[in-house]
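Structural features, examined
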Amino acid sequence: MGGLMSEWFLFLPQVRMEISDIVVRAQVAESCGFDGIAFIDHLEAPGATHQKIWEAMTVATWVAAQTERLRIGHLVLCDAFRHPAVLAKQALTLSAASDGRFELGLGSGSWPQEFARFGIENADDAAARTDRLARDLELLCEYWGDGDAAQLPRPAHRIPLILGGTGKRTMELVRKYADWWNIPSHRLDRLPRLMPEVGSARVSLQQMVGFVGRGADRAAITERSTRLFGHLGNGLVCGEAAELVDHFAGLAAQGVERFYVWFADFAAPQTLAEFAANVIREDRP
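Quantities reported herein were computed from a predicted structural model and do not represent experimental measurements. (Residues numbered from 1 in each chain as written. Predicted model: local features only at pLDDT ≥ 70, side-chain atom pairs only at ≥ 80, totals over all residues. Heavy atoms only, no water.)

**Observations regarding the pairing of strand 10 (residues 256-263)**
Across the eight residues of strand 10, seven count as buried, placing the element largely inside the fold. In the sheet, strand 1 (residues 7-11) pairs with strand 10 via four bridges, with the strands oriented parallel. By the bridge assignment for strand 10, Glu7 is matched with Arg258. When strand 8 (residues 202-211) meets strand 10, the two strands line up parallel, connected through seven bridges. Following the sheet pairing, Met208 is matched in strand 10 by Trp262. (Buried < 20%, exposed > 50% of the residue type's maximum accessible area, 1.4 Å probe, protein only. Helix = DSSP H or I, 4+ residues; strand = E, 2+ residues; numbered from the N terminus. Pairing = 2+ DSSP bridges.)

**A short note on helix 6 (residues 168-177)**
One turn of the α-helix equals 3.6 residues, which is why residues spaced by three or four share an orientation. Buried within helix 6 we find Thr170, Met171, Leu173, Val174 and Tyr177. What you see down the axis of helix 6 is that its buried residues fit within an arc of 160°, all on one side. Among the exposed residues of helix 6, those oriented more than 90 degrees off its buried face are Lys168 and Lys176. Those residues of helix 6 that are buried lie in contact with helix 5 (126-143), strand 6 (161-164), strand 7 (180-183) and helix 7 (191-194). (Arc of directions from axis to C-beta. Contact = heavy atoms within 4.5 Å.)

**Observations concerning the packing of helix 1 (residues 19-32) against helix 10 (residues 269-278)**
One can describe the packing of helix 1 onto helix 10 by two numbers: an axis separation of 9 Å at closest approach and a directional angle of 15°. By the angle between their axes, helix 1 is roughly parallel relative to helix 10. As helix 1 packs across helix 10, the resulting crossing turns out to be right-handed. Only Pro269, Leu272, Ala273 and Ala276 of helix 10 make contact with helix 1, whose side of the interface consists of Val24, Arg25, Val28, Ala29 and Cys32. By residue class, the composition of the contact of helix 1 with helix 10 is eight nonpolar, no polar and one charged. (Axes fitted to C-alpha atoms, helices over the stretch in contact; angles between N-to-C directions. Parallel < 35°, antiparallel > 145°, perpendicular 65-115°, else oblique. Left-handed = near helix turned anticlockwise from the far one by under 90°. Nonpolar A, V, L, I, M, F, W, Y, C, P; charged D, E, K, R; others polar.)

**Some points on the pattern of salt bridges**
For the structure shown, the criterion picks out 22 salt bridges. Notably, a salt bridge pairs Asp131 with Arg169, separated by 2.8 Å at the nearest N-O pair. Within this pair, whereas Asp131 is found in helix 5, its partner Arg169 is found in helix 6, the two being separated by 38 residues in sequence. Using a relative accessible area of 36% as the deciding quantity, one classes Arg169 as partly exposed. Note that Asp136 and Arg132 form a salt bridge whose closest N and O atoms lie 3.0 Å from each other. Pair noted here: Asp136 and Arg132 are both in helix 5, with a separation of four residues, about one helical turn. Owing to a relative accessible area of 0%, Asp136 belongs among the buried residues under this scheme. A relative accessible area of 14% places Arg132 in the buried class. In the salt-bridge network here, residues are joined through shared partners; they are Glu7, Arg71, Glu103, Arg202, Glu257 and Arg258. (Salt bridge = Lys/Arg side-chain N within 4 Å of Asp/Glu carboxyl O.)

**Quick word on helix 2 (residues 56-65)**
Within the sequence span of helix 2, burial applies to Ala56, Met57, Val59, Ala60, Val63 and Ala64. For helix 2, the arc enclosing every buried residue in end-on projection is 160°, short of the 170-degree limit, so these residues lie on one face. For helix 2, the exposed residues set more than 90 degrees away from the buried face come down to Thr58 and Ala65. Of the surrounding elements, those touching the buried residues of helix 2 are helix 1, strand 2 (36-39), strand 3 (71-74), strand 4 (77-78) and helix 3 (84-97).

**Quick notes on the UniProt feature "domain: Luciferase-like" (unreviewed entry) in the protein chain**
In this structure's numbering, the residues bearing the UniProt feature "domain: Luciferase-like" (unreviewed entry) are residues 17-190. The distance separating the terminal C-alpha atoms of residues 17-190 is 34 Å; by composition the span is 41% helix and 13% strand. (UniProt positions renumbered as here; feature names shortened; annotations may be inferred.)

**Structural notes on the packing of aromatic side chains**
Counted according to the given criterion, the structure contains 14 aromatic pairs. Between Phe229 and Phe266, the ring centres sit 6.3 Å apart and the planes meet at 65°, which makes this aromatic pair edge-to-face. Taken together, the positions of Phe229 in helix 8 (residues 218-229) and Phe266 in the loop between strand 10 and helix 10 put the pair 37 residues apart, joining distant regions of the chain. Here the aromatic rings of Phe263 and Phe275 are separated by 5.1 Å at their centres, their planes lie at 85°, and the arrangement is edge-to-face. In this pair, Phe263 is assigned in strand 10 and Phe275 in helix 10, connecting sequence segments twelve residues apart. Judged by its relative accessible area of 1%, Phe263 falls in the buried class. Among the aromatic side chains, those forming a connected cluster through ring pairs are Trp8, Phe34, Phe211, Phe248, Phe259, Phe263 and Phe275. We note Arg129 situated over the ring of Phe115; from NZ or CZ to the ring centre the distance is 5.3 Å. (Phe/Tyr/Trp six-rings, centres within 6.5 Å; stacked < 30°, edge-to-face > 60°. Lys NZ or Arg CZ within 6 Å of the ring centre and 35° of its normal.)

Here it is, written out as structure tokens:
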């Protein structure tokens, strides 16, 4: 990809698999060249409430303990699930334990049904949830800072902050706080207009991939991927390695510096290895 050196994260919702399966995928991703891994944060699996889902910070901590190089994070933690003082302490502790590999992805909450089901405030009030996010981001800075509200110990490593979305209030928070701005792939048409609004934040993108490996049945993979994830629209791309190299190169040319790759086959280890060998390595000089 012209030596652009994008960052490549495995996006791995901790649903439909055992914790041991998650660890295996993380270790394979690390060994074959991915830069990081990101999980989700829900109390029930969105759109599949019959499926089990593991708690986000615990899974991240366990994976950090089972890897050596991968950066660890989420797209994204739900701000309303944790008091900001507790979240600040959790993030600092995981950052210290992983020697600075933890990144804090944070959002206001995207699944109102679970707010209502589990009695969390502001289930139907997106503006109030965004207000809380703004307040809590300010508090996190205070807890990690040098003022009267500072927690001990102080962060020994910078904890990068990832925020996502395209709304006006979100973009204000991105400019003020974020190291990374994650744009939803189905809203890529807004990227040229919003790029001047991100301040110093770098741009990331989550992309669902139906990867057609060497010798695989293209039609079958495309059909299954579309059946499961076609509702994502432009958020899903299916293709062979060369096609995906071109696809991601085009996104990089628009200013996207990090890709969170979400595999339609739930990140089978062989898929991770072949994708890394034939797509990610094309991006390494």
